Structure formats: C-alpha cells, structure tokens
Amino acid sequence: MNPYAVYLDQISFSYENTMILKELSLKVKFGEHIGIVGDSGCGKSTILKIVSGLYEADEGKVAIAGESLPEKIREQVAMVMQHHSLFPLSIRENITCGHDMPENRIWDACQNAGLTDWIKSLPHGLDTNVGERGGQVSGGQAQRIQIARALCKNAPIILLDEPASALDQDTGELVLKALSRLMDGRTVLHVTHHPETLDSSYRIYRLEGGKLVHE
C-alpha cells in the first residue's frame, strides 16, 4: 500500500502549449501540512487541481490516498478556494452538495465553521439562497460555507487556495480559526503567495520554473 497521502512523481502539465509543471515531484505523508508559495500565475493552483482529480497530468504518476482514477481521487479531497466556489442554491445544498445528511451533522459543521449565529438570524435559516456565485453572502461567509462543506465531506486531504487573502483582517482571522478546526488531524496542501500565513506546522516549498524547491 502507498504510504503517502499525496504522491506526485515526475509529473508534467502543459496548458495551450505552455509548460506549467515540469517533472515535478512531491511526497506527503498522512497528517503532514505542506505550504506551496510562489508568484501569481506560476502554477500553484494547477498542482491543487491535479491533486483534486480535476486535471490529469500529461506525464508522471499521481496517487492520492492510494487512488489514481480521477473519480476516486475526488472522494479523498475537499477544497477551500480563494474565489467564491458556491452554487446558486441554498446554504444547506452548498454544504451537503445534494447528499442526504443528518441535521446534527450539518449544524456541527456550521458550528465549527463559525456560521451558526448568522444562519439562525436569517428568516429562512439553512434554506437561504446564496445567490449567483454566492452574491447574497459576504466573502467571509462564503469561505466559511466552503469550510462547513469540507467538514461535512470529512475527506482525509484538505486543499487550500489562498482561502483568506481576499478578506479584511478581522474576517480573515475568523476564517483562519475555522480552517484550523478543519485542518486538525488531516493532510493539508496550502498554496499562497503570502508565506507569512503559513505557521511552523508547515513544510514549505517554492514553485519555480515548474518545479518545487524546499524553502
């Protein structure tokens, strides 16, 4: 059995004839926290999309929690993105993604994501529609709905793409507090161009020229 949560071996990926990742390797044990820093547009988010099964590498070997098929990989990961990744549906449907879940499981996730008081103040509660691209909720609320979704999924691997960079300081701190609950005991890949957001629990790499260099 593959002992790694994330196993990328000599992977390459091109987009529109431009090489984004070149013979990149990364091996992450279960429970490790990995930070990947680098300039905007250098391919950090592409790594997450390959690890999440959304993209397939052109070359090399990818195994995520021992799985190599994209549909199986997607069961192993949960993502929290910088930009609103909400569906134009209710808060409940954004958290459950249409899966049947016990009410207490949903509320436990909302509590850990710091959403409970806000949701209970809404006339329609969990059944409040978030609007197109989450336009009816604030940036901080949208991020915490994503965190509640990830908590409910209970996947072993968490992928973070600049989850608090677009938020003001106070809101960002609330989101980071919720993220710490999500990350506890799980494998984490966190990409950012703000290395100061990564604490001492992270092993940090820089993405340069399509390859990872240990910081």
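Note that the coordinates shown come from a computational prediction; the quantities given were computed from them, not determined experimentally.

Caption draft 1: Structural context of the overall build of the protein chain. The number of helices and strands found in the protein chain is 7 helices and 9 strands. For 215 residues, the compact-globule estimate of 2.2 N^0.38 gives 17 Å, and the C-alpha radius of gyration of the protein chain, at 17 Å, lies within 12% of that figure. Reported as C-alpha extents along the three principal axes, the dimensions of the protein chain are approximately 55 × 35 × 35 Å. Here the protein chain holds 215 residues, and 47% of them are scored as buried. Across the protein chain, the fraction of contacts at a sequence separation of at least 24, relative to all contacts at a separation of at least 6, is 72%. As displayed, the protein chain has an accessible area near 10900 Å², and 46% of this comes from carbon and sulfur atoms. Computed over 21 positive and 28 negative side-chain charges, the inter-centroid distance for the protein chain is 3 Å.

Caption draft 2: View of the nonpolar core. Membership of the largest hydrophobic core comes to 36 residues, with the highest contact counts inside it found for Ile 95, Ile 147, Leu 160, Leu 179 and Leu 182. Counting residues per element, the ones that place at least two in this core are strand 5 (77–80), helix 3 (91–96), helix 4 (103–112), helix 6 (139–153), strand 6 (157–161) and helix 7 (169–183). Excluding anything up to four places from it in sequence, Ile 147 contacts Val 80, Ala 113, Val 175, Ala 178, Leu 179 and Leu 182. Grouped together as the second largest cluster of nonpolar side chains are 27 residues, Val 28, Ile 34, Leu 48 and Leu 212 included.

Caption draft 3: How the structure looks around the layout of surface pockets. Estimates place the volume of the largest pocket at around 430 Å³. Residue lining of the largest pocket: 20 residues in total, with Val 77, Ala 78, Met 79, Arg 149 and Lys 153 positioned closest to the centre. If you tally residues by element for the lining of the largest pocket, the top one is helix 6, at 5 residues. Residues that form the lining of the largest pocket fall into these classes: 11 nonpolar, 5 polar and 4 charged. Taken together, Ile 20, Ser 40, Gly 41, Cys 42, Gly 43, Lys 44, Ser 45, Thr 46, Gln 82, Asp 161, Glu 162 and His 193 make up the full set of residues lining the second largest pocket. A total of 3 residues in the lining of the second largest pocket trace back to one element, the largest contributor, which is helix 1 (residues 44–51).

Caption draft 4: A look at the environment of Ala 178. Position of Ala 178 relative to the elements: it lies in helix 7. Measuring from C-alpha to C-alpha, the distance between Ala 178 and Ala 148 comes to 8.8 Å, with 30 residues separating the pair along the chain. Non-local contacts of Ala 178, meaning those with residues more than four positions away in its chain, are made with Asn 112, Ala 113, Arg 144 and Ile 147.

Caption draft 5: Geometry of helix 7. The first and last C-alpha atoms of helix 7 sit 20 Å apart over 15 residues, in line with the 21 Å expected at 1.5 Å per residue. Those residues of helix 7 that sit buried are Thr 171, Gly 172, Val 175, Ala 178, Leu 179, Leu 182 and Met 183. The arc that holds the buried residues of helix 7, viewed along the axis, is 140°, so those residues lie on one side. Opposite the packed face of helix 7, turned more than 90 degrees from it, sit the exposed residues Gln 169 and Asp 170.

Calculation criteria
Residues numbered from 1 in each chain as written. Predicted model: local features only at pLDDT ≥ 70, side-chain atom pairs only at ≥ 80, totals over all residues. Heavy atoms only, no water. Helix = DSSP H or I, 4+ residues; strand = E, 2+ residues; numbered from the N terminus. Rg over C-alpha atoms; globule rule 2.2 N^0.38 Å. Buried < 20%, exposed > 50% of the residue type's maximum accessible area, 1.4 Å probe, protein only. Contact = heavy atoms within 4.5 Å. Areas by Shrake-Rupley, 256 points an atom, 1.4 Å probe, with all protein chains shown as cover. Lys, Arg positive; Asp, Glu negative; His and termini not counted. Charge placed at Lys NZ, Arg CZ, Asp CG, Glu CD. Core = buried A, V, L, I, M, F, W, Y, C linked by side-chain atoms within 4.5 Å. 1 Å grid on protein atoms, 1.4 Å probe; cavity = no way out; pocket = protein on both sides within 12 Å on 5 of 7 lines; lining within 4 Å. Points joined across faces, edges and corners; volume = space filled by probe spheres on them. Nonpolar A, V, L, I, M, F, W, Y, C, P; charged D, E, K, R; others polar. Expected span 1.5 Å × (residues − 1). Arc of directions from axis to C-beta.

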